[in-house]
Amino acid sequence: MIYVWLILGFILLIKGADYFVEGASDIAIRARIPNLIIGLTIVAFGTSAPEAAVSITSALKGQNDIAIGNVVGSNIFNLLIVVGIAAIITPLQVQKSIITKEFPFALLSSFILLILANDAIFQSTSLNTISRGDGLILLVLFGIYMYYLIEIALNHRNSTAEASVTDNKGVEKEIRIGKSILIAVGGLVGIIVGGQLVVDAASQIALTWGMSEKLVGLTIVAVGTSLPELVTSIIAARKGKSDIALGNVIGSNIFNVFFILGISSVIFPIEVNGAVFMDMIVLLIVSIITYIFSITKVKISKLEGSLLVLSYLCYMVFIIIRN
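Residues numbered from 1 in each chain as written. Predicted model: local features only at pLDDT ≥ 70, side-chain atom pairs only at ≥ 80, totals over all residues. Heavy atoms only, no water.

A tally of regular secondary structure across the protein gives 13 helices and four strands. Relative to its 323 residues, the protein shows a buried fraction of 50%. Taking as baseline every contact in the protein between residues at least 6 positions apart, the subset at least 24 positions apart corresponds to 84%. Split by element, the accessible area of the protein, about 14800 Å² in all, is 69% carbon and sulfur. (Helix = DSSP H or I, 4+ residues; strand = E, 2+ residues; numbered from the N terminus. Buried < 20%, exposed > 50% of the residue type's maximum accessible area, 1.4 Å probe, protein only. Contact = heavy atoms within 4.5 Å. Areas by Shrake-Rupley, 256 points an atom, 1.4 Å probe, with all protein chains shown as cover.)

Dropping the structure here:
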């Protein structure tokens, strides 16, 4: 039955992502909101639901290492595997606003996380923690980010000419928007449930094969919570929607650091051990490399995508050896 649940989970993931991307894209068109903004918000926050559930639940239980390790590991996976595989499927075209605004904001989130966690240097203490005050700073930055996105969405709507429609067409349009929302929500439910089934089934299979719980946590669970981003971006890339594929990753990474870690550290201050601190440095380096790839020829090519995937495989070997 474990293998049956595993297969069912993958089916729900793939079909859920398909419906989610279609529904979200349709909402963007009918609400006159750019696909990029949909990718940075609805799609990104929706696919980050597993990370939010794991990290916030861990914070409530006082399991801080899981809360921060899940976020940092997922962000590295998003940049290397999700962007990498999506680019291998089809080169990802990068909008100018991503290069000048959204991606730098993601870089900023990685940099600020590294600074806030490094109390040994900046506050001359022996213990590195992300305090409740640090959490409030992260939440304020998340609020600024959301204000920026909402302002862009409103400006885009105002600059888009209103289509003149009759009352009947207006009713039809409203109904179709409602249908699109239902499709997107249904797809998101499929993604979340499917992802959970895959993580649970794969973890049980790995344990029966003799893998330790710690190694399962570092690999299968960390990767599993990022499966929604992976499948959604792959489906979006195959449909030629690079804005959603890339916006999903950037938005998820910003959401993970500013909102999830912000909430988690406000609930319970997060102690940062040496191993996780090293992973934060890796995240910053990976963010810079992916950004450099995005500004060259204003796209992430198949070769660059392959290099990102190869880098993640090297990182996996590193953490397996380290632990």
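Below, the discussion takes up helix α3 (residues 49-60). For α3, which comprises twelve residues, the first-to-last C-alpha distance of 16 Å matches the rise-based estimate of 16 Å (1.5 Å per residue) to within 8%. Residues of α3 that are buried: Pro-50, Glu-51, Ala-52, Ser-55, Ser-58 and Ala-59. Phi for Gly-62, located one or two positions after α3, is positive at around 80 degrees. (Expected span 1.5 Å × (residues − 1).)

Here the focus is the nonpolar core. In terms of nonpolar packing, the biggest core is built from 90 residues, with Ile-68, Leu-92 and Met-280 touching the most fellow members. With twelve residues, helix α4 (residues 64-89) is the single largest residue contributor to this core. Apart from the residues within four sequence positions on either side, Ile-68 is in contact with Ile-130, Leu-261, Ile-270, Val-272, Val-276 and Met-280. (Core = buried A, V, L, I, M, F, W, Y, C linked by side-chain atoms within 4.5 Å.)

Aromatic rings considered in pairs are described by the distance between their centres and by the relative angle of their planes. A full pass over the atoms with the stated rule returns eight aromatic pairs. Centre to centre, the rings of Phe-105 and Tyr-145 are 5.2 Å apart; their planes meet at 35 degrees, and the pair counts as tilted. Here the residue Phe-105 occupies a position in helix α5 (residues 96-117), and Tyr-145 occupies one in helix α7 (residues 132-159), the gap between them amounting to 40 residues. Note on Tyr-145: relative accessible area 0%, which makes it buried. With centroids separated by 5.8 Å and ring planes inclined at 90 degrees, the aromatic side chains of Phe-105 and Phe-258 adopt a geometry described as edge-to-face. With Phe-105 in helix α5 and Phe-258 in helix α11 (residues 242-267), this pair connects stretches of sequence that are 153 residues apart. (Phe/Tyr/Trp six-rings, centres within 6.5 Å; stacked < 30°, edge-to-face > 60°.)

Further remarks concern a nonpolar patch on the surface. On the surface, Met-278, Ile-281, Ile-285, Ile-289 and Phe-318 cluster together into a nonpolar patch covering about 390 Å² of accessible area. Take Ile-289: it is sitting in helix α12 (residues 274-295). (Patch = residues over 30% accessible without salt bridge, like charges linked within 9 Å, V, L, I, M, F, W, Y side chains within 5 Å. Salt bridge = Lys/Arg side-chain N within 4 Å of Asp/Glu carboxyl O.)

To continue, consider α11. Along its 26 residues, α11 runs 36 Å from first to last C-alpha, staying within 8% of the 38 Å computed at 1.5 Å per residue. Of all bends in α11, the biggest is about 35 degrees, found at Asn-256. Among the 26 residues of α11, 22 are classified as buried, and the element is accordingly described as predominantly covered. (Bend = angle between axes of the 7 residues up to and from the residue.)

Put simply, α12 and helix α13 (residues 302-322) touch, their axes get as near as 12 Å, and they point 175 degrees apart. Compared by their axis directions, α12 and α13 come out roughly antiparallel. When α12 is examined against α13, the residues Ala-275, Met-278, Asp-279, Val-282, Thr-290 and Phe-293 are found in contact with a partner set consisting of Glu-304, Leu-307, Leu-308, Tyr-315, Phe-318, Ile-319 and Arg-322. Grouping the constituent residues of the contact of α12 with α13 by class yields nine nonpolar, one polar and three charged. (Axes fitted to C-alpha atoms, helices over the stretch in contact; angles between N-to-C directions. Parallel < 35°, antiparallel > 145°, perpendicular 65-115°, else oblique. Nonpolar A, V, L, I, M, F, W, Y, C, P; charged D, E, K, R; others polar.)

Here the focus is empty space enclosed by the protein. Under the definition given, this model contains one cavity of 30 Å³ or more. Here the largest cavity is characterised by a volume of approximately 40 Å³. Asn-75, Leu-79, Phe-103, Ala-106, Ser-109, Ser-110, Asn-253, Leu-283 and Ser-287 are the residues that line the largest cavity. Put simply, the parts of the chain that give the lining of the largest cavity at least two residues each are α4, α5 and α12. Per-element accounting of the lining of the largest cavity gives the leading share, four residues, to α5. (1 Å grid on protein atoms, 1.4 Å probe; cavity = no way out; pocket = protein on both sides within 12 Å on 5 of 7 lines; lining within 4 Å. Points joined across faces, edges and corners; volume = space filled by probe spheres on them.)

Below, the discussion takes up the packing of helix α1 (residues 2-30) against helix α10 (residues 227-238). Contact geometry for α1 and α10: axes closest at 9 Å, N-to-C directions at 60 degrees. If you check the angle between α1 and α10, you find them oblique. The way α1 lies across α10 gives a crossing that is right-handed. For the pair α1 and α10, the contacting residues are Leu-13, Ile-14, Ala-17, Asp-18, Phe-20 and Val-21 in the first and Leu-227, Pro-228, Val-231, Thr-232, Ile-235 and Ala-236 in the second. When its residues are assigned to classes, the contact of α1 with α10 shows ten nonpolar, one polar and one charged. (Left-handed = near helix turned anticlockwise from the far one by under 90°.)

So, on to the side chain of Asn-75. Relative to the helices and strands, Asn-75 is located in helix α4. For Asn-75, the side chain forms a polar contact with the side chain of Asn-256, separated by 2.8 Å. The residues touching Asn-75, leaving out its near neighbours within four places in the chain, are Ser-252, Asn-253, Asn-256, Val-257 and Leu-283. (Polar contact = N/O pair within 3.5 Å; in protein donor to acceptor, adjacent residues only side chain to side chain.)

A few words now on the environment of Leu-92. Residue position: Leu-92 is located in strand β1 (residues 92-93). With sequence-adjacent residues up to four places away left out, Leu-92 is seen in contact with Val-83, Ala-86, Ala-87, Ala-237, Ser-242, Ala-245, Leu-246, Val-298, Lys-299 and Ile-300.

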